[in-house]
Structures are given as C-alpha cells and as structure tokens.
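Okay, here's what each chain looks like letter by letter:
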Amino acid sequence: MSQTAKASQFATLHIPGNPLVIYNAWDAGSAAAIAAGGARAIGTGSWSVAAAQGYEDGQALPLATLELIAGRIVASIDLPVSVDFEGAYAEAPDAAAANVGRLISLGVVGINFEDQVVGKGDAIYGIEQQQARIAAIRRTADASLPGFFINARTDLFLQAAADQHGGLVDEAIARGKAYAAAGASGFFVPGLADAGLIARVCAEVALPINIMMFAGVPAVGELAALGVARVSHGPGPFRTAMAELTKRATEIFA
C-alpha cells in the first residue's frame, strides 16, 4: 500500500462512536506483534520508545535514533504508522515542521504533537504560538503528503489533578478549536477520564477526539458512546510486556 493510501486509510479510521484503538508500539518487533494481533494501524508512544532504548521521556532520545526506529517500523509492517513526536524536537515553527518532514520521508503518515514546552517543567505554549507551530507542520505536510494526520495534543489535564479538570475543560475546548483552525486533524486529551467532560470535548470540538486509557478511564464501549474517535494505550503495553519479561526471568533464574 502506498504512503498516500495509508494516510487516507488512517484518517478514515477515526470514527466518532467507533473509535480506532491504538495499542502503542515501541520498536519494529513490538509493532509486528501488535499488527499480528489484528491492529488496523500502529502508533508509537514516546515514553515507551525512549524507555526501550534506555532514555527518559521528553525528547531525551536522540532524533536520529527515533528516525531509525520509525523507519524500521514502517519497513516492517504494511499498516499506517503514526509517531508520537512530542514537541517535534524544536520550538520554532519552521524547525518543527522540518523535523516532521523528515518523518514523512520515512513513510510515517501521522504524528502526535503536544503543546507543552518540552524540558521546561509545566510550561505550555500559548494558543497562538501552538497554532503557528501546527500551521507550519500542516504547510510542510501538504507539500508532500496532504493527508498527513496531525493529532494535536494538549497537556492541560496531564499537568493537573483530576479534581481540577472541570475548571480546565473550557480552555481545552478553546485549544481544540484553535488547533483545528490551524490545520490539526485530531485532538488528543490525555489524562482526561471524567465521562461528562469527555462528552463535552467531543461535542464542542469538531475534530476526532483521542482519549488515553489508564486506570479510571471509561471502557472503550463507553468512550465510543461518548463520541470518542480514537483510543490509545500510551506506555501501558510496554509496561505490561516488561513486567511479564521480568516475571519470566525471575522464574528462570530462581
């Protein structure tokens, strides 16, 4: 399947009420195993990709190493591949866009792109700043792969306790609308678990909404009923796999 066809297929899999489920991979081997299990697309998780190489999350993994991993995943499976690209390894819009262009040249059809200022604590880009970054990526993508999927992520909910989420949802919705206007393809709200707040975001942001699974998040069926279009598992698959590996190693060495 061509990269253009994969990009088109990936976009059409984001259906409110029938969400695309991403069981996040961290290398070519894990991607192949997930694909063999019936996945319709592959998405990486930055925490897992970094941890698998002995790095901390937050763009500590060298960009060249991430490119190597992404390229091997694309070459190993015949499914659409989206990469968790954190802050695109750059602050300036044109530099971020250029880095995304490097991923597109490898065959990647989408990214997660977050609004936190990576490496600067809890800082989050202003809405207009992040719009400029998204718009630059959209321009670069449209020049070579018009269907490229920019899953714009807000870190508002990850950086706040659950009892504060209700007071943040208006800002999140405003960001979702602004990111859509800048050219985003989807809106990712990791950390949000409250069903009522998820329903509000789905109703008010005209983009496919992505929720991340963790303890306390509604089941996939309920998320579908709320209007969610994508469900991802973040670092969960890597942690599960490593726990099983440690368990088996402990049994062997015992």
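For the structure itself, consult the block above.
An account of the accompanying structure is given in this report. Predicted model, so just to flag it, every value in this text is computed and none were measured.

### Quick look at the sheet that holds strand β8 (residues 230-232)
With parallel pairing, the eight strands of this open sheet are ordered in space as β1-β8-β7-β6-β5-β4-β3-β2. Every other strand in the sheet has two partners, leaving β1 (20-22) and β2 (42-43) as the edge strands with one partner each. Pairing of strand β6 (residues 186-188) with strand β7 (residues 209-212), which is carried by two bridges, proceeds in the parallel orientation. Paired with F188 across the bridge in β7 is N210.

### Re the pattern of salt bridges
Any two side chains of opposite charge can pair, on the condition that their charged atoms come close. The full count for this structure, using the stated rule, is eleven salt bridges. Linking K6 and D78 is a salt bridge whose minimum nitrogen-to-oxygen distance equals 3.5 Å. One end of the pair, K6, is in helix α1 (residues 3-12); the other, D78, is in the loop between α4 (63-76) and β3 (81-84), and 72 residues separate them in sequence. For K6, a relative accessible area of 8% corresponds to the buried category. Here D78 falls in the partly exposed class, since its relative accessible area comes to 48%. Two residues, R102 and E67, come together in a salt bridge whose shortest N-O distance is 2.5 Å. Residue R102 is located in helix α5 (residues 93-104), and its partner E67 is located in helix α4; the two are separated by 35 residues in the primary sequence. For R102, a relative accessible area of 36% translates into the label partly exposed.

### Some details on the side chain of N151
Structurally, N151 can be placed in strand β5 (residues 149-153). Accessibility expressed as a relative area gives 1% for N151, which makes it buried. At 2.9 Å, the side chain of N151 forms a polar contact with the side chain of N210.

### Observations concerning unusual backbone geometry
Excluding glycine, a negative phi dihedral is what most residues carry, and trans is how most peptide bonds are arranged. The backbone of Q59 shows a phi angle near 65°, a positive value even though the residue is not glycine. Position of Q59 relative to the elements: it lies in the loop between α3 (46-52) and α4. Positive phi outside glycine occurs at Y89, with the angle close to 60°. Checked against the element boundaries, Y89 lands in the loop between β3 and α5.

### Some thoughts on the packing of aromatic side chains
Counted according to the given criterion, the structure contains five aromatic pairs. Look at W26 and F238: their rings are 5.2 Å apart centre to centre, the planes differ by 85°, and that puts the pair in the edge-to-face class. Separated by 212 residues along the polypeptide, W26 in the loop between β1 and α2 (28-36) and F238 in helix α10 (residues 236-253) bring together distant segments of the chain. On the basis of an interplanar angle of 70° and a centroid distance of 5.9 Å, the ring pair of W47 and F238 is categorised as edge-to-face. Within this pair, whereas W47 is found in helix α3, its partner F238 is found in helix α10, the two being separated by 191 residues in sequence. On the basis of relative accessible area, W47 is assigned to the partly exposed category, the value being 31%. Residue classification places F238 among the buried positions, given a relative accessible area of 8%. Three or more aromatic residues link up through ring pairs in this structure, and these residues are W26, W47 and F238.

Analysis parameters
- Residues numbered from 1 in each chain as written.
- Predicted model: local features only at pLDDT ≥ 70, side-chain atom pairs only at ≥ 80, totals over all residues.
- Heavy atoms only, no water.
- Pairing = 2+ DSSP bridges.
- Helix = DSSP H or I, 4+ residues; strand = E, 2+ residues; numbered from the N terminus.
- Salt bridge = Lys/Arg side-chain N within 4 Å of Asp/Glu carboxyl O.
- Buried < 20%, exposed > 50% of the residue type's maximum accessible area, 1.4 Å probe, protein only.
- Polar contact = N/O pair within 3.5 Å; in protein donor to acceptor, adjacent residues only side chain to side chain.
- Phe/Tyr/Trp six-rings, centres within 6.5 Å; stacked < 30°, edge-to-face > 60°.

Fair warning: the whole summary comes from geometry, so function is off the table for now.
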